[in-house]
Amino acid sequence: MALDVLAIAAHPDDVEQTCGGTLIRMAEAGYRTGVLDLTAGDMGTRGTPEERIAESEAAAKHLRLDWRGNLRMPDARLENNISARMTLAVKIREVKPRVVILPYWEGRHPDHYRACEMGYEACFLAGLKKLDEYSEPHRPFKILYSGLYTNIKPSFVVDISAQFERRMAALLSYTSQYGGADASGLFPSEQEIRERLGAIARFYGNLIGVRYGEPFIVKEAMEIGDIVAMPVRSI
Ligand SMILES: [Zn+2]
């Protein structure tokens, strides 16, 4: 199997909030897309790991994914150690993505920035011929960082106006997390999550003059061949 795009995330339901619209758009463009969740959310207050994985598979249909996997690493205490990195690197060699999307390297939840660090290092390891003798070396060409959780200026924004509703349907597949009212206030209602994610996507969409957008960061410079055809009106 060779994927065009693989998003790696700490928890099931992360990509549905960060880069799901972009994944849908790429699938609609004919690319092979996939998601690898590192944990099954076993420390979550509501729902069992089995329920979360079943929900993530329902969400995968909305996201039009060709492949979704879960490494079932320990939730809320994700560790970037050699065994975790090796497991991830071998999985990257199996699914051979050209583009990898990682969470941004800063954030409130330790699992998110650890997933970023582990993902970056595993992409490097995956390219080493002698890493293991059972899989072919493969190093992703491009690494994008999904910057939704942090307030930073994106390198670029993907217009997901046409994909926003489908992304929302994917997120609402996690009925254990977003199902109905909750007295504790810890779990947002559907209305609350719609307003919150709608506002964030509107903010980033506004940066490029469209309705809804998803922000990304790249470490390297972007190349432009035709400055006359550049999109996004200057302000
Ligand atoms: Zn998360």
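Residues numbered from 1 in each chain as written. Predicted model: local features only at pLDDT ≥ 70, side-chain atom pairs only at ≥ 80, totals over all residues. Heavy atoms only, no water.

Chemist: Hey, could you run me through the packing of helix α6 (residues 164-171) against helix α8 (residues 190-207) in this one?
Modeler: Two elements in contact, α6 and α8, have axes separated by 12 Å at closest approach and are oriented at 140 degrees. With respect to each other, α6 and α8 are oriented oblique. The handedness of the crossing between α6 and α8 is right-handed. Touching Phe164, Glu165, Arg167, Met168 and Leu171 of α6 are Ile193, Arg194, Leu197, Gly198 and Ala201, all from α8. Counted by class, the contact of α6 with α8 contains six nonpolar, one polar and three charged residues. (Axes fitted to C-alpha atoms, helices over the stretch in contact; angles between N-to-C directions. Helix = DSSP H or I, 4+ residues; strand = E, 2+ residues; numbered from the N terminus. Parallel < 35°, antiparallel > 145°, perpendicular 65-115°, else oblique. Left-handed = near helix turned anticlockwise from the far one by under 90°. Contact = heavy atoms within 4.5 Å. Nonpolar A, V, L, I, M, F, W, Y, C, P; charged D, E, K, R; others polar.)

Chemist: Explain the pairing of strand β3 (residues 67-73) to me, please; I cannot follow it from the model alone.
Modeler: Two faces make up the sheet, and in a regular strand the side chains alternate between them. With five of seven residues buried, β3 lies mostly within the body of the structure. Bridge count between strand β2 (residues 33-39) and β3: five bridges; the pairing is parallel. Within the sheet, the bridge partner assigned to Asp37 lies in β3 and is Asn70. Handedness of the β2-helix α3 (residues 49-62)-β3 crossover: right-handed. (Buried < 20%, exposed > 50% of the residue type's maximum accessible area, 1.4 Å probe, protein only. Pairing = 2+ DSSP bridges. Right-handed = clockwise from strand over helix to strand, strands pointing away.)

Chemist: Help me out: how do you make sense of α3 in this one?
Modeler: Along an α-helix, residues three or four apart share an orientation, since each turn contains 3.6 residues. Counted at 1.5 Å a residue, the expected span for α3 with its 14 residues is 20 Å, and the 20 Å between its end C-alpha atoms agrees. On its buried face, α3 sits against α1 (15-18), β2, β3, α6 and α7 (175-178). Residue Arg64 follows α3 closely and has a positive phi angle near 60 degrees. (Expected span 1.5 Å × (residues − 1).)

Chemist: What is the right way to look at the coordination of the zinc ion in this model?
Modeler: Working reference: metal with six octahedral donors, ideal angles 90 or 180 degrees; metal with four tetrahedral donors, ideal angle 109.5 degrees. Donor atoms from the polypeptide that coordinate the zinc ion comprise His11 (ND1), Asp14 (OD), Asp14 (OD) and His112 (NE2), at 2.1 to 2.6 Å from the metal. Around the zinc ion, the four donor atoms are arranged such that angles at the metal cover 54 to 121 degrees; this shape is classified as irregular. Along the chain, the residues that donate to the zinc ion are spaced as H-x2-D-x97-H. Note that His11 is positioned in the loop between β1 (5-9) and α1 and His112 in helix α5 (residues 110-126), a separation of 101 residues in sequence. Residues His11 and His112 agree in their burial class; the two are buried. (Donors = N, O, S within 2.8 Å, 3.2 Å for Na, K, Ca; no water. Tetrahedral: all angles 85-135°; square planar, octahedral: opposite > 155°, others 65-115°.)

Chemist: Before we go on, may I ask you to explain the packing of aromatic side chains in this structure?
Modeler: Two descriptors summarise a pair of aromatic rings, namely the distance from one centre to the other and the angle between the planes of the rings. Applying the stated criterion to the full structure yields five aromatic pairs. Aromatic pair Phe164 and Tyr212: ring centres 3.9 Å apart, planes at 15 degrees, arrangement stacked. Of this pair, Phe164 sits in helix α6 while Tyr212 sits in the loop between α8 and β7 (213-217), and the two are 48 residues apart along the sequence. Note on accessibility: Phe164 and Tyr212 belong to one class, buried. The structure contains a cluster of three or more aromatic residues connected by ring pairs, namely Tyr104, Trp105 and Tyr145. A cation over a ring is seen here: Arg139 above Phe124, with NZ or CZ 4.3 Å from the ring centre. The ring of Tyr120 is capped by Lys219, whose NZ or CZ atom sits 4.3 Å from the centre of that ring. (Phe/Tyr/Trp six-rings, centres within 6.5 Å; stacked < 30°, edge-to-face > 60°. Lys NZ or Arg CZ within 6 Å of the ring centre and 35° of its normal.)

Chemist: Quick question: what am I supposed to make of the nonpolar core here?
Modeler: The nonpolar side chains of a soluble globular protein tend to be buried, and buried together. Of all hydrophobic cores here, the largest spans 30 residues; its most connected members are Ala7, Val15, Cys19, Leu23 and Ile101. Element by element, the count of residues in this core is highest for α6, at four residues. Core analysis: the next-biggest nonpolar cluster, separate from the first, contains 29 residues, Leu38, Tyr104, Leu131 and Ile143 among them. (Core = buried A, V, L, I, M, F, W, Y, C linked by side-chain atoms within 4.5 Å.)

Chemist: I'm lost on the environment of Gly213 in this one. Help?
Modeler: Along the chain, the position of Gly213 falls in strand β7. For the pair formed by Gly213 and Ala162, sequence separation is 51 residues and the distance between their alpha carbons is 10.0 Å. What Gly213 contacts, discounting residues up to four positions off in sequence, is Val157, Val158, Ile160, Ala201, Tyr204 and Gly205.

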